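Spelled out, the chains give:
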Amino acid sequence: MTEKSSRMKIKVTGMTCASCSGSVKRALEKMPGVMNADVDHASGMATVSYKGGGISASEMRRSIESSGYGVEAQSVEVRIDGMTCASCSSAVEAALTSIPGVISANVNLSNKSAIVRFLEGTVPLSTIRDAVNGLGYSYQGVIGKEEADTSDREGRKQRLRLIRIILGFSISLPMLALMHIDVHLPVDMSLSFLMITVPVLSFIGYPIFRSAFTSLLHRSLTMDVMYAMGISAAFISSVMGTFGIVLDGHFNFYDTTIMLASFLTLGRYLENRAMSRTGDAVRKLIGLRPRKANRLVDGRLEIVDADELSVGDLFVIRPGERVPVDGRVKDGRSYVDESMINGEPIPSQKGKGEEVIGGTLNQKGVLTVEATRVGADTMLSQIVRLVSEAQSSKPALQKIADRVVTYFIPAVLAISIGSFVLWYLVLGESLLFSLTALISVMVIACPCALGLASPTAVTVGIGRGAEMGILIKGGDILERAERIDTVLFDKTGTVTMGRPEVTSVDAFGIDEGALLSFVAPVESLSDHPLARAITERAKMSEKETDEVRDFELIEGRGVMGTVKGSKVRIGNRRMMKEGGIEIPPMVEERMERMETEGKTASLVSISGRIAGLIGIEDPVKEGASEAVSSIKSMGIRTMMVTGDNPRTAKAVARKVGIDEVLAEVLPGGKSEKVVELQRKGRKVAFIGDGINDAPALARSDVGIAIGTGTDIAIDSAGIVLVSGKLNNALHSLKLSRKVMGRVRMNLFWAFAYNTALIPAAAGALHPLFGVHFRPEWGALAMALSSVTVISLSLMLKRYDPASG
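On a predicted model such as this, the values are computed, not experimentally measured, just so you know.

Okay, the packing of aromatic side chains next. Per the counting criterion, the structure on display carries six aromatic pairs. Note on Phe-169 and Phe-263: the rings are 5.0 Å apart at their centroids and 70° apart in plane angle, and the pair reads as edge-to-face. Highlighted residues: Phe-169 in helix α5 (residues 147-180) and Phe-263 in helix α8 (residues 254-275), separated in sequence by 94 residues. For the pair Phe-169 and Phe-263, one class covers both residues: buried. One aromatic cluster in this structure is built from Phe-169, Phe-263 and Trp-777. Sitting over the face of the ring of Phe-518, Lys-564 holds its NZ or CZ atom 4.8 Å from the ring centroid.

The full count for this structure, using the stated rule, is 31 salt bridges. With its nearest N and O atoms 3.2 Å apart, the salt bridge here joins Arg-537 to Glu-512. Of this pair, Arg-537 sits in helix α18 (residues 529-538) while Glu-512 sits in helix α17 (residues 512-523); the two residues are 25 residues apart in sequence, bridging distant segments of the chain. Residue classification places Arg-537 among the partly exposed positions, given a relative accessible area of 34%. With a relative accessible area of 34%, Glu-512 lands in the partly exposed category. Asp-550 is paired through a salt bridge with Arg-549; the nearest N and O atoms lie 3.8 Å apart.

Our focus in this paragraph is the sheet that holds strand β13 (residues 334-337). One open sheet holds the three strands; their spatial order is β14-β13-β16, and the pairing between them is antiparallel. Where the open sheet ends on each side, the last strands, each with one partner, are β14 (348-350) and β16 (361-362). Two elements, β13 and β16, share two bridges in a ladder whose sense is antiparallel. Across the sheet, the residue bridging to Asp-337 is Leu-361, located in β16.

The next subject is the pairing of strand β11 (residues 314-317). With three bridges connecting them, strand β9 (residues 292-297) and β11 associate as antiparallel partners. Bridge pairing in β11 places Arg-295 opposite Phe-315. In terms of strand pairing, β11 meets strand β17 (residues 367-373) through four bridges, oriented antiparallel. Opposite Val-316, over in β17, you have Thr-368 as the bridge partner.

What follows concerns the sheet that holds strand β18 (residues 470-472). With respect to topology, seven strands assemble into an open sheet ordered β18-β30-β29-β28-β19-β26-β27, the strand pairing being mixed. Both edges of this open sheet fall to β18 and β27 (660-662), since each of them pairs with a single strand only. Direction aside, neighbouring strands of the sheet carry axes that sit 20° apart on average. Relative to strand β30 (residues 719-721), strand β29 (residues 702-706) runs parallel, the two sharing three bridges. Paired with Ala-705 across the strands is Val-720, a residue of β30.

Looking now at the pairing of β29. The element β29 is largely enclosed, with a buried count of five among its five residues. Side-chain alternation along β29 places Val-702, Ile-704 and Ile-706 on one buried face and Gly-703 and Ala-705 on a second face that is also buried. Bridge count between strand β28 (residues 684-688) and β29: four bridges; the pairing is parallel. Residue pairing across strands places Phe-686 opposite Gly-703, the latter belonging to β29.

Another aspect to go through is the packing of helix α7 (residues 223-242) against helix α13 (residues 431-444). The contact between α7 and α13 brings their axes to 8 Å, and the two run at 155°. Judged by the inter-axis angle, α7 sits roughly antiparallel to α13. Regarding α7 and α13, the two cross each other, and that crossing is left-handed. Side by side, α7 and α13 meet where Met-223, Met-226, Tyr-227, Met-229, Gly-230, Ala-233, Ala-234 and Ser-237 of the first sit next to Leu-435, Leu-438, Ile-439, Met-442 and Val-443 of the second. In terms of residue class, the contact of α7 with α13 is built from 11 nonpolar, two polar and no charged.

Moving on, we come to the nonpolar core. Formed by 147 residues in total, the largest nonpolar core has its most connected members in Leu-96, Ile-128, Val-487, Phe-489 and Ile-719. With 12 residues, the top contributor of residues to this core is helix α26 (residues 727-761). The next biggest cluster of nonpolar side chains, apart from the first, holds 20 residues, and it includes Leu-28, Val-34, Ala-37 and Ile-55.

Rules and cut-offs
Residues numbered from 1 in each chain as written. Predicted model: local features only at pLDDT ≥ 70, side-chain atom pairs only at ≥ 80, totals over all residues. Heavy atoms only, no water. Phe/Tyr/Trp six-rings, centres within 6.5 Å; stacked < 30°, edge-to-face > 60°. Helix = DSSP H or I, 4+ residues; strand = E, 2+ residues; numbered from the N terminus. Buried < 20%, exposed > 50% of the residue type's maximum accessible area, 1.4 Å probe, protein only. Lys NZ or Arg CZ within 6 Å of the ring centre and 35° of its normal. Salt bridge = Lys/Arg side-chain N within 4 Å of Asp/Glu carboxyl O. Pairing = 2+ DSSP bridges. Axes fitted to C-alpha atoms, helices over the stretch in contact; angles between N-to-C directions. Parallel < 35°, antiparallel > 145°, perpendicular 65-115°, else oblique. Left-handed = near helix turned anticlockwise from the far one by under 90°. Contact = heavy atoms within 4.5 Å. Nonpolar A, V, L, I, M, F, W, Y, C, P; charged D, E, K, R; others polar. Core = buried A, V, L, I, M, F, W, Y, C linked by side-chain atoms within 4.5 Å.

The structure is reproduced here in structure tokens:
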């Protein structure tokens, strides 16, 4: 019989020629199970034929990436209803991961969502929906589209749970009292309890039994199956006792069955109420988006939906209104409160040409703004997306807990049956006691606390970071950041303001104006901050830049070009030395004085002779020295890496208290310095903001990007500081330690709870103290265990790194 084959289409990036497609083809066809791979470099499409379903999309992606190319992937976040415990989320994760084309699936039990990453164009939403619904859970659609409906639906469920709880305890508590008070009723008590229990238990326990039945249909053991078995055992034994079938009238657990269902529902109610608060940060961010905007059309204002704005549209923001989309101020002056985005309490003054961020609050003046980014491209939308995705990621600690949960329920089932066999058949205890032990173990066990230990802490911690202007891209980033023992700072734009200013111009054998007329045209063609400072000093027009010929940028040294027929070089000592240009002792002495003061001295040569020396200073950032001092107090080694000369670099380092300096490092050498430290066993965080920092940010254990820097630096980093304040780098490290400490505390309590109470429920305390653990108290303890873990996580909402 011929084995069934499958096909998968993959969009490959980075291919430029036929040899590229050949490399990808060979890499794919080396994979066990792949029968054939057709790769077209023109369209970038690879069609892979393989045997059965033994190869996953993630394996194909790794094979392609190992050959030096990339894979286009997309992700979607969906809402899933009906998950009640860690085993539920594990089952959903496994089902989603098994879909052909899916690279990864992360299910977050705390906010009932899943982020599915898949090869572009291979997985329709209907397939994800069918996979979720096929397990018996309810696919609720893509998050962001029906948030209001989802909130209303969850509110209705909570109200129904509350009704069930009130009804359950209103019935079960009087039943419990009647059983312990010598009251003579005109009817048989057991029979009347049975008649009361059937409708009440059907209503209260319906969600539990429905979930358990669905799980069994799909051959999945969840905690609802355990709870349903415990409640059923109590109810069936009560019915048998009522009618004298094998058991006698002592087996009256009717109050226990209702109380069990009520306590379990109470646990769900408290869990959902607490978990709804873990996502407050994202909901607050989403709530910053104004629904309407004042669009300016032909001099007239018209009120439109904010979603209707397009790039280039003009809109007006009046005092007290929120900015609808990102834009650039065309007219007006005002103060804008950006605290909700970057955590800075002091409003920023905005005037013509300055950027404003969607969701921020205009305070006093009226601004006319041109839209630059709209819809999903706005900073606020990107922050919401980044935080949402990060909250669904898992640190390694949680992955260990997830593995434990896989074996937890079968183990508990074995313990419950084993306890019954031990007490009744081996030790000869009464059937009533043995049955009570069996039921108690089934309802007291709680993998939910294990499953919620990390997701709730990570969700709240990342949300808290977003409120402070710290964007952390995942739970794994938090885990790595906690272990950092070395912080490597870039100098320009990170330790310093990144806005250097010319402080002095020394001309030799030529006047200052003439010197700048040679220097400015060459520097205007460079985007280096020092070049911009010199250009600004010369106030040069765009027309004059056309005078430059043979422009060349020499990495780590400077720039040169031909102006007015003369060869002009602007740069450091190394550039002059390599050009065979001698530096006079008087100029060298002047340079050393500048560098000792923390300034950068830029040499200028014209036609092979030193003609000038330009002093440039980039002031250190406010609060930089305090941030460095606090980082050092955490036991972390501090270093600064820069392309600047050693004298200037050390002077800047002294101002802020950095211990070690790596000077005259070429842009490509920053990542090499990171690797050198890692080889010595150091856990390195790199903090930078520029394009040439991207390799070091990506190579470090944790890259921390200044949010005011370049997009490529921000993309390469694991943590982004929206405000650009160095204090936030300190706060991100403190927050990471706090969150991971809380994850460990949660896991400790979850393990301790199960380790201590499962044996107690099985009757371990009975021989020593005569303690008899009733099932309803087990259900209460189970509910409180999950609530305790969530409550400990919610305490992170009040954490302030500045005060501890």
